[in-house]
Amino acid sequence: MSTSTTQTDVITFLVHQHREVDALFTQLEKAEGSTSDEVQRLAEQVVISLVKHSVAEEMYLYPAAREHLPDGEEIADDEAEQTMKRLESLKPVDADFWPTMRELIREIRHHVREEEDNLFPKLRRMCSEKQLRELGKKVKQAERVAPRSEERRVGKECRSRW
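Residue positions are given per chain, counting from 1 as you read along its sequence in written order. Residue-level local features of this predicted model are given only where pLDDT is at least 70; pairs of side-chain atoms are given and counted only at 80 or more, and the full residue set underlies all totals for whole chains, interfaces and linings. Hydrogens are left out, water is left out, and the side-chain values use all remaining heavy atoms of the structure.

Enquirer: Which parts of the structure should I look at to understand the environment of proline 92?
Expert: Here proline 92 shows up in the loop between α4 (81–88) and α5 (97–126). A relative accessible area of 6% means that proline 92 is categorised as buried. Along the sequence, proline 92 and serine 34 sit 58 residues apart, while their C-alpha atoms lie 7.0 Å from each other. Two residues qualify as a contact provided that any one of their heavy atoms is within 4.5 Å of a heavy atom in the partner residue. Beyond its immediate stretch of four places on either side in the chain, proline 92 contacts Ser34, Thr35, Ser36, Val39, Gln40, Phe97 and Trp98. Only DSSP runs of H or I with at least four residues qualify as helices, and only runs of E with at least two residues qualify as strands; both kinds are numbered from the N terminus onward. Burial classes follow relative accessibility: with a 1.4 Å probe on protein chains only, a residue under 20% of its type's maximum area counts as buried, one over 50% as exposed, and anything between as partly exposed.

What follows is the structure, given as structure tokens:
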């Protein structure tokens, strides 16, 4: 999930990412019930994209919401983390794969609507264009260094051994 424009503001950048993930969801919905390697690849790509996206949001977007918006704490909340973790351990042949994938799609689409209908318009009103561009730059950088899902899993396994 990336855009090449260096001066993109955070809202434009994140909306673009939302569309990229939704395109992956659409491909998965068209393949529902399949146990193919392509479905596994798409599911892994969704999780990788969402992990990177959520790391960037947690590092920069949500702190900005808390700083600039009176209801920033309420807006900066995400329910899909547990579903994503469950999906990481499943394969398309597993009975829980498709119900979990449908749940994740529903949760992420709800999250996207909340951000695009509530959070982003409020941030656009409360932040200067310069602040939004700076946030965009920081979010892009955070995504470049965010762990992929398998790196995150290995890191957790190593920490649990200590």
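Enquirer: Even after reading the chapter, I still don't get α5, so can you show me in this structure?
Expert: Residue pairs spaced three or four apart in an α-helix point in one direction, given the helix's 3.6 residues per turn. Expected span of a helix, by definition, is 1.5 Å for each gap between consecutive residues, and there is one gap fewer than residues. With 30 residues, α5 extends 41 Å from end C-alpha to end C-alpha; this agrees with the ideal 44 Å at 1.5 Å per step. Bend, at a single residue, is the angle you get between axes fitted to the 7 residues ending at that residue and the 7 residues starting at it. By the largest-angle criterion, glutamate 115 marks the main kink of α5, which is about 40°.

Enquirer: Would you explain the nonpolar core in this entry?
Expert: In summary, soluble globular proteins display a tendency toward joint burial of nonpolar side chains. Here the nonpolar core consists of buried residues drawn from Ala, Val, Leu, Ile, Met, Phe, Trp, Tyr and Cys, with membership extended through side-chain atoms lying within 4.5 Å. Among the nonpolar cores identified, the biggest contains 22 residues, and Leu28, Val46, Leu50, Phe97, Met101, Leu104 and Ile108 are the most heavily contacted of them. If you list the elements that add at least two residues to this core, you get α1 (10–30), α2 (37–68), α4 and α5. The contact partners of leucine 28, leaving out residues within four places of it in the chain, are Val39, Leu42, Ala43, Val46, Trp98 and Met101. If you look at the next biggest cluster of nonpolar residues, it comprises 18 residues, including Ala56, Leu61, Ala64 and Leu135.

Enquirer: How should the packing of aromatic side chains be read in this particular structure?
Expert: Each aromatic ring pair is characterised by the separation of its centres together with the angle its planes make. Each aromatic pair joins two rings of Phe, Tyr and Trp (for Trp, the six-membered one) with centres within 6.5 Å, and gets the label stacked for planes under 30 degrees apart, edge-to-face for over 60, and tilted for any other angle. Per the counting criterion, the structure on display carries 1 aromatic pair. Ring centres of phenylalanine 97 and tryptophan 98 lie 5.1 Å apart, and the angle between their planes is 90°; on these two criteria the pair is classed as edge-to-face. Across the pair, exposure class does not vary: phenylalanine 97 and tryptophan 98 are buried alike.

Enquirer: How do you make sense of the environment of arginine 144 when you look at a structure like this?
Expert: Within the fold, arginine 144 resides in helix α6 (residues 129–145). Separated by 92 residues in the primary sequence, arginine 144 and lysine 52 place their C-alpha atoms 8.0 Å from one another.

Enquirer: Can you walk me through the pattern of salt bridges in this structure?
Expert: A side chain with one charge can pair with a side chain of the opposite charge if their charged atoms come near. Each salt bridge in this description consists of a side-chain nitrogen of Lys or Arg and a carboxyl oxygen of Asp or Glu lying within 4 Å of one another. Under the criterion given, the structure shown has 10 salt bridges. Residues arginine 41 and glutamate 38 are paired through a salt bridge, measuring 2.7 Å at the closest nitrogen-oxygen approach. Separated by 3 residues within a single helix, arginine 41 and glutamate 38 lie in helix α2, roughly one turn from each other. Arginine 41 gets classed as partly exposed once you look at its relative accessible area, which sits at 42%. Under the relative-accessibility criterion, glutamate 38 is labelled partly exposed at 39%. Of the charged contacts, one joins arginine 124 and glutamate 129 as a salt bridge, the two residues approaching to 3.5 Å between their closest N and O atoms. The partly exposed category is assigned to arginine 124, whose relative accessible area is 35%. Connected via shared salt-bridge partners are Asp9, Arg124 and Glu129.

Enquirer: So what exactly am I meant to see when it comes to the packing of α2 against α4 here?
Expert: The packing of two helices is summarised by the inter-axis angle and the distance between the axes. To obtain an axis, a line is fitted to C-alpha atoms, over the contacting stretch when the element is a helix, and the angle between two such axes runs from 0 to 180 degrees between their N-to-C directions. Close contact between α2 and α4 brings their axes to 11 Å; oriented N to C, the two are set at 145°. The two elements α2 and α4 cross, and the hand of that crossing is left-handed. Taking contact as the criterion, the partners of Val47, Leu50, Val51 and Ser54 in α2 are, on α4, Glu81, Met84, Leu87 and Glu88. Three categories are distinguished: nonpolar for Ala, Val, Leu, Ile, Met, Phe, Trp, Tyr, Cys and Pro, charged for Asp, Glu, Lys and Arg, and polar for the others, with Gly belonging to the last. Looking at side-chain class alone, the contact of α2 with α4 contains 5 nonpolar, 1 polar and 2 charged residues. Two helices that cross are described as forming a left-handed crossing if the nearer one is turned anticlockwise from the farther one by less than a right angle, and a right-handed crossing if clockwise.

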